[in-house]
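Architecture at a glance
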Amino acid sequence: MPSFGWWIGGVILALCLVLVSVTGHGADDLDVELPHEDVESLDQVWQRQMGVRFPGQPDPELRTFTPTAAPLNIFVLTRGQNEQGKDDPREAQLADAVSVVLRGAGHTVESMHVDALAQKMAQQPGTKQYDAAIDMGGITQEELDALHAVGTKVAVLPFRNTFDAVGEKIIYEVNTTTGMFQAQGYDAIIAFPQTLRVIHFLQLAYGTMVAFKAPTIWSPTYFRNTIGGEDRLFYSAKEPSDKMVSTFHENRHLTDNAALAMSIIELLFRQAPESFKSAYITSASHLTTQKHMKNFVLNSLLVYKASKMTFEQQYDTPWFLSHYTDVVLAAQIDDYPADYMFEALYGGFPLVHNHPELKDCGYYFEDLDGTTAVHQLEIALTHHDSSMDRYNQQARQCVKKVLPTTIENIKTWSAIISQLMS
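The sections below set out a description of the structure shown in this document. (Residues numbered from 1 in each chain as written. Predicted model: local features only at pLDDT ≥ 70, side-chain atom pairs only at ≥ 80, totals over all residues. Heavy atoms only, no water.)

1. Describing the packing of aromatic side chains
Selection rule: Each Phe, Tyr or Trp ring (for Trp, its six-membered ring) is paired with any other whose centre lies within 6.5 Å, and the angle between the two planes then decides the class: stacked below 30 degrees, edge-to-face above 60, tilted in between. The helix count covers DSSP runs of H or I at least four residues long, the strand count covers runs of E at least two residues long, and both are numbered beginning at the N terminus. Three labels apply to residues, based on accessible area from a 1.4 Å probe with only protein chains included: buried if under 20% of the type maximum, exposed if over 50%, partly exposed otherwise in between. Comment: the charge-over-ring label is applied if NZ (Lys) or CZ (Arg) is within 6 Å of the ring centre and within 35 degrees of the ring normal.
A complete count under the given rule lists 18 aromatic pairs for this structure. Between Trp218 and Tyr346, the aromatic rings sit 5.7 Å apart at their centres with planes inclined by 65°, giving edge-to-face as the arrangement. Separated by 128 residues along the polypeptide, Trp218 in the loop between β6 (211–213) and α8 (221–226) and Tyr346 in helix α13 (residues 339–346) bring together distant segments of the chain. Residue Trp218 is classed as buried on the basis of its relative accessible area of 1%. Tyr346 gets classed as buried once you look at its relative accessible area, which sits at 1%. Three or more aromatic residues joined by ring pairs form one cluster here, namely Phe248, Tyr280, Tyr315, Trp319, Phe320, Tyr324 and Tyr340. One residue, Lys308, lies across the ring of Phe276, its end atom 5.3 Å from the ring centre.

The following block contains the structure:
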């Protein structure tokens, strides 16, 4: 009899093409009051709810930290829109994290939209205004050449799943705003761990053989700014039969869709139908009219027939966590960490996932191992509440590793800028 892992693998191959074809800042420190009266800061709530002190300031070691490069004027370029042409708060969140980590290294940093760059360059042509630029938004060849002409070093920072998005764009003519193939001749690529696997492709695409490995960084500003006065800030215990499972895949790419997660939820439902109250597949309402998707759901998912699974539109993840989530299921086919994973850990929510970079965090299963995934999801639903203290301590350590105020991250980014300027 084939294992659940093989069964799920077949489902993934069948559904991925369906899903892709149909393709919703803060201060530098973490001790920030929420925008409503008489409420604890997140730092205070974290200490009370999680049982540990969350770092409100950069590590004390920074007092003795000496930057490896002289203070520079740096700007971080953003596009401000996601692949569907909508405002992209996630890009702004990463830009904020990059700005914070570089300020920690002693630099002056400004975040700027690509359109604002064009305006500045038009107002002061031929003038060097910045020592270095980090491009997240996809500048044009003309803009890159103009920056180089005045002596500004320019590094590109690919932060989405660029390789797969470009592949889909080429094969299926999907309209995405990847910002690739617009300019050649960057001074360097700054690569997060998840982009290193395709670094040779990126080197060709951006026209540079120089690449610097950067640690994953994440800022909780989006979480803080989205949570409102009536929202539940952190996970709270309840009976398993009352718990809600949520997925937050984009459902617009081969490597980031809910096919695997839906299969895991279905298999758990067949084993233990009362182990959860409901399951929400978010960012999936656009899939409900697709013929093959409808056939799969109606013919194969008993959990849907039992009215325990629904397909929702896209929501702000922190808000959906606070209202409709007790367990987060992140079952990706690719190996890059999504922001919602860190938000789940930040809020103390049980995170069931297969991301190797977060192997020591949450409830982990390897690759497409459906058997272990179902087991881990059941544990998260039925036994998590008895081990919350241990889980919260673990979550704190996992989140702290990616904060832009952590000394190791600041040292690494300081060294990257020093090498970029050499």
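2. Considerations on the sheet that holds strand β9 (residues 309–311)
Test applied: By the convention used here, strands pair only if DSSP detects at least 2 bridges between them. Note on contacts: a residue pair qualifies if any of its non-hydrogen atoms lie within 4.5 Å across the two residues. Where helices are involved, their axes are fitted lines through C-alpha atoms of the stretch in contact, as for all axes, and angles between N-to-C directions lie from 0 to 180°.
Spatially, β9-β8-β7-β10-β11-β12 is the arrangement adopted by the 6 strands of the open sheet, whose pairing is parallel. A single partner strand is all that each edge strand has here, and the edge strands are β9 and β12 (363–364). Across 4 bridges, strand β7 (residues 244–247) lies against strand β8 (residues 278–281) in parallel orientation. In the strand pairing of β8, Thr247 is matched with Ile281. Helix-sheet contacts for helix α12 (residues 317–324) involve β7, β8 and β10 (327–330), and the interaxial angle to β7 is about 165°. In the packing of α13 onto the sheet, the strands contacted are β10 and β11 (351–353), and the crossing angle to β10 comes to about 155°.

3. A few points about the pattern of salt bridges
In plain terms, the rule: Only one rule defines a salt bridge in this text: a Lys or Arg side-chain nitrogen within 4 Å of an Asp or Glu carboxyl oxygen.
Within this structure, the stated rule accounts for 6 salt bridges. Close ionic contact of Glu266 with Arg270 constitutes a salt bridge, the shortest N to O distance being 2.6 Å. Taken together, the positions of Glu266 and Arg270, both in helix α9 (residues 259–271) and 4 residues apart, correspond to about one turn of that helix. For Glu366, the salt bridge goes to Lys359, with nearest N and O atoms at 3.4 Å. Classification of Lys359 as partly exposed rests on a relative accessible area of 47%.

4. A few points about the nonpolar core
So the rule is basically this: For the purposes of this section, nonpolar cores are sets of buried Ala, Val, Leu, Ile, Met, Phe, Trp, Tyr and Cys residues that join through side-chain atoms within 4.5 Å.
Within the largest apolar cluster, 65 residues are counted, with the highest numbers of intra-cluster contacts made by Val245, Met262, Ile264, Ile265, Phe276 and Leu377. Residues contacting Phe276, with those up to four places away along its chain left out, are Pro240, Ser241, Lys243, Val245, Ile265, Leu268, Phe269, Val303, Lys308 and Leu381.

5. Details of the packing of α9 against helix α14 (residues 370–382)
Threshold: The cut-offs work like this: below 35 degrees is roughly parallel, past 145 is roughly antiparallel, 65 to 115 is roughly perpendicular, and the gaps in between are oblique. Left-handed describes a crossing whose near helix is turned anticlockwise from the far helix through less than a right angle; right-handed describes the clockwise counterpart.
Two numbers describe how α9 lies on α14: the axes approach to 9 Å, and their chain directions differ by 70°. Regarding the angle of α9 to α14, the classification is roughly perpendicular. Where α9 crosses over α14, the two elements pack in a sense that is right-handed. On α14, the residues touching Ile264, Ile265, Leu267, Leu268 and Gln271 of α9 are Ala373, Val374, Leu377, Glu378 and Leu381.

6. Observations regarding the side chain of Lys308
Rules: His residues and chain termini do not enter the charge count, which takes Lys and Arg as positive and Asp and Glu as negative. As used in this structure description, the phrase polar contact means that two N or O atoms lie within 3.5 Å; if the pair is within protein, one of them must be able to donate a hydrogen and the other to accept it, and residues adjacent in sequence are counted only when both atoms belong to side chains.
Turning to its location among the elements, Lys308 is positioned in the loop between α11 (302–305) and β9. Within the buried core, Lys308 has no salt-bridge partner, and the shortest N-O distance to an opposite charge, that of Glu274, equals 4.1 Å. Looking at Lys308, its side chain comes within polar contact range of the main-chain oxygen of Pro273, at 2.5 Å. Engagement of the side chain of Lys308 in a polar contact is seen with the backbone oxygen of Phe276, the distance being 2.7 Å. Residues contacting Lys308, with those up to four places away along its chain left out, are Phe269, Pro273, Glu274, Phe276, Lys277, Ser278, Ala279 and Val303.

7. Concerning helix α3 (residues 89–104)
Counted only if it meets this: Each helix should span, by expectation, one fewer than its residue count multiplied by 1.5 Å.
With 16 residues, α3 should reach 22 Å at 1.5 Å per residue; the first-to-last C-alpha distance of 22 Å fits that figure. The buried count for α3 comes to 13 of 16 residues, which makes it a mostly enclosed element. Just beyond α3, the residue with positive phi is Gly106, at close to 95°.

8. So, the side chain of Ser99
Take Ser99: it is sitting in helix α3. A distance of 2.8 Å separates a polar side-chain atom of Ser99 from the backbone oxygen of Ala95.

9. Here we look at the pairing of β8
Successive residues of a regular strand alternate their side chains across the two faces of the sheet. The following threshold applies: Viewed with both strands pointing away, a crossover whose connecting path from the first strand over the helix to the second turns clockwise is right-handed.
Every second residue of β8 is oriented toward a common face, with Ser278 and Tyr280 on one face and Ala279 and Ile281 on the other, all of them buried. Taking the sense of rotation as the criterion, the β-α-β connection linking β7, α9 and β8 turns out right-handed. Relative to β9, β8 runs parallel, the two being bridged by 3 bridges. The residue bridging Ala279 from the neighbouring strand is Met309, located in β9.

10. Observations concerning the state of the cysteines
Basically, it comes down to this: Disulfide assignment relies on a single distance test, namely cysteine sulfur atoms paired within 2.5 Å.
Within this structure, the stated rule accounts for 1 disulfide. Put simply, Cys361 and Cys398 are joined by a disulfide, and their sulfur atoms are 1.9 Å apart. On the S-S bond that ties Cys361 to Cys398, the torsion sits near -105°, and the link is left-handed. Of the two residues, Cys361 sits in the loop between β11 and β12 while Cys398 sits in helix α15 (residues 388–402), which places them 37 residues apart along the sequence. Accessibility assignment for this pair places Cys361 and Cys398 in one class, buried.

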